[in-house]
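Spelled out, the chains give:
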Amino acid sequence: MSLSLSSSSSSSRTWVYDVFPSFSGEDVRVTFLSHFLKELDRKLIIAFKDSEIQRSQSLDPELKQAIKDSRIAVVIFSKNYASSSWCLNELLEIVKCREECGQMVIPVFYRLDPSHVRKQTGEFGQIFEETCHNKTEQEIIQWKRALTDVANTLGYHSLKWDSEAKLIEEIVSDVLGKLLLTPSKDSKDFVGIEDHIAKLSVLLQLEAEEVRMVGLWGSSGIGKTTIARVLFQRLSRHFQGRIFIDRAFLSKSMEIYSKANPDDYNMKLHLQSRFLSKILGKKEIEISQLGELAERLKHQKVLIFIDDFDDQVVLDALVGQTQWFGSGSRIILVTNDKHFLRAHGIDHIYQVCL
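Residues numbered from 1 in each chain as written. Predicted model: local features only at pLDDT ≥ 70, side-chain atom pairs only at ≥ 80, totals over all residues. Heavy atoms only, no water.

Asks: Explanation requested: the sheet that holds strand 7 (residues 302-307) in the structure shown.
Replies: Within a beta sheet, neighbouring strands are joined by backbone hydrogen bonds and run either parallel or antiparallel to one another. What the 5 strands build is an open sheet, ordered 6-7-8-5-9; its pairing is parallel. Taken across any chain shown, the strands that pair with only one partner, and hence form the sheet edges, are strand 6 (241-245) and strand 9 (348-351). On average, each strand axis in the sheet is inclined to that of its neighbour by 15°, with strand direction left out of account. Two elements, strand 6 and strand 7, share 5 bridges in a ladder whose sense is parallel. Bridge pairing links I243 to I304 in strand 7. (Pairing = 2+ DSSP bridges. Helix = DSSP H or I, 4+ residues; strand = E, 2+ residues; numbered from the N terminus. Axes fitted to C-alpha atoms, helices over the stretch in contact; angles between N-to-C directions.)

Set out below in C-alpha cells:
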C-alpha cells in the first residue's frame, strides 16, 4: 500500500473489480493487454473491461467509478500512452484513488525506458509535449506529477524479459499476492491446480447474472476439497455473503437433532438458522418458517460451497432452489457421487481427474 493513511479505508470497503488496466489501445490492446486479461480470467481475477466505452477527451463517469471500484490499477505505459488526454486524465484519477482510498498501483513499462516516463523525455516526452499543446499550465503540472509519481513506483520493465508470456505470469502472480490470494503451501504442492481453477472459471461464468449451480466431482482423495478451498478464497470477496459448508458444520448444526428424522421440520429450521447466521455474518439468526430463508437471501449475491455431503434432504433445505438467492449467486457442490448432482438438477459438472 502506498500511503499509511489509506490502510483503514481500503480494508473496510468492498471492491467491485480486482484490477483496472490503464493503457493506450493502439499500442497494446490486441497484443499485451489481450494476453494479460486472458491470464487474469484464468486465475479468477476480475478485471474491468472498457470495450464498450466510447473514449473522448474527458473521462466517462462510468470509467471514473470503475477506477474507484478497483483494488489494483495496472498502468501499462507505452509509447503512445501520453498521446491521449484520456489516458493522462485516467492516470490522475488513479493517483487520486491511491491517495484517498488505498488503491494499489502496478506500473508496466511496455517496450519503453521507465526514465522516459519519469522525466517525460525521449520519444515518450516528445509525444507528451504535443498532447500538452493548448492545455492549461495546471493540467500539464498535474499530468507531469502523476507520470513521475507512478513511474517511481516499483513495476515491470518489459525489455528486461525474454518472454512476454513469463512477464505476464509474473505480473498476475504479483496481483494475486497483493490481493492476499497467494496459495497456501498445501495448494502450491497440488500440481496443476491452476488448470483446474481455469477450467472451473469457464463453468462458473462469473460475469453472468443468473444464479448458477456447479458440481465438482471426482473420486475420494483426488484433491476436490483443496481445489474448492482455493476457489472459495479467490471468489469470496466478490459476494455479499459467503459460506463454506463441510461435514463439521453440518454435524454441529444437527447434533441436537441427532435422533430426529432428517426431514424433521424443526431440524430444518435450526439448520437454516445456522446457515443464515453464517452466510450473513450475524449471530444467532432465528427463523420461524422455512420460507424465510428465501426471503432473506433473494436479493443477496451469495457464494455457497457444500463439500463432501450427500444428504438430499439437507441439501434441499439449504439450497433447494436457485430462486432463493440473488442474481449472480454461485453454488458449488463437491462430491464423489455424480448421480447425487444429477438428482439435484445440476448440469454444469467439472470432473477432477489425475
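Asks: Looking at this structure, how should I read the packing of helix 6 (residues 122-132) against helix 7 (residues 137-151)?
Replies: In a packed pair of helices, the relevant descriptors are the angle between the two axes and the axis-to-axis distance. Close contact between helix 6 and helix 7 brings their axes to 11 Å; oriented N to C, the two are set at 155°. It follows that helix 6 is roughly antiparallel to helix 7 by the angle criterion. Here the hand of the crossing between helix 6 and helix 7 comes out right-handed. In contact with F124, F128, T131 and C132 of helix 6, helix 7 contributes I140, W143, K144 and L147. Class assignment for the residues of the contact of helix 6 with helix 7 results in 6 nonpolar, 1 polar and 1 charged. (Parallel < 35°, antiparallel > 145°, perpendicular 65-115°, else oblique. Left-handed = near helix turned anticlockwise from the far one by under 90°. Contact = heavy atoms within 4.5 Å. Nonpolar A, V, L, I, M, F, W, Y, C, P; charged D, E, K, R; others polar.)

Asks: Even after reading the chapter, I still don't get the packing of aromatic side chains, so can you show me in this structure?
Replies: A ring pair, where both rings are aromatic, is described by two values, the distance of the centres and the angle of the planes. Scanning all chains against the criterion turns up 11 aromatic pairs. Centroid distance Y17 to F48: 5.3 Å. Interplanar angle 75°. Geometry classified as edge-to-face. Of this pair, Y17 sits in strand 1 (residues 17-22) while F48 sits in the loop between helix 2 (25-42) and helix 3 (61-68), placing them 31 residues apart in sequence. What makes F48 buried here is its relative accessible area of 5%. (Phe/Tyr/Trp six-rings, centres within 6.5 Å; stacked < 30°, edge-to-face > 60°. Buried < 20%, exposed > 50% of the residue type's maximum accessible area, 1.4 Å probe, protein only.)

Asks: Which parts of the structure should I look at to understand the side chain of Q120?
Replies: Position of Q120 among the secondary structure elements: in the loop between helix 5 (114-119) and helix 6. For Q120, a relative accessible area of 14% corresponds to the buried category. With sequence-adjacent residues up to four places away left out, Q120 is seen in contact with S115, G125, F128, K144, L147 and T148.

Asks: Looking at this structure, I do not really get the pattern of salt bridges. What am I missing?
Replies: Pairing between side chains of opposite charge can happen when the charged atoms of each approach one another. Tallied over the entire structure, the rule returns 15 salt bridges. The salt bridge partner of D41 is K49, with a shortest N-O separation of 3.2 Å. Classification of D41 as partly exposed rests on a relative accessible area of 34%. Given the relative accessible area of 35%, K49 is considered partly exposed. Each member of the salt-bridge network shares a partner with another, and the members are E39, R42, K43 and D195. (Salt bridge = Lys/Arg side-chain N within 4 Å of Asp/Glu carboxyl O.)

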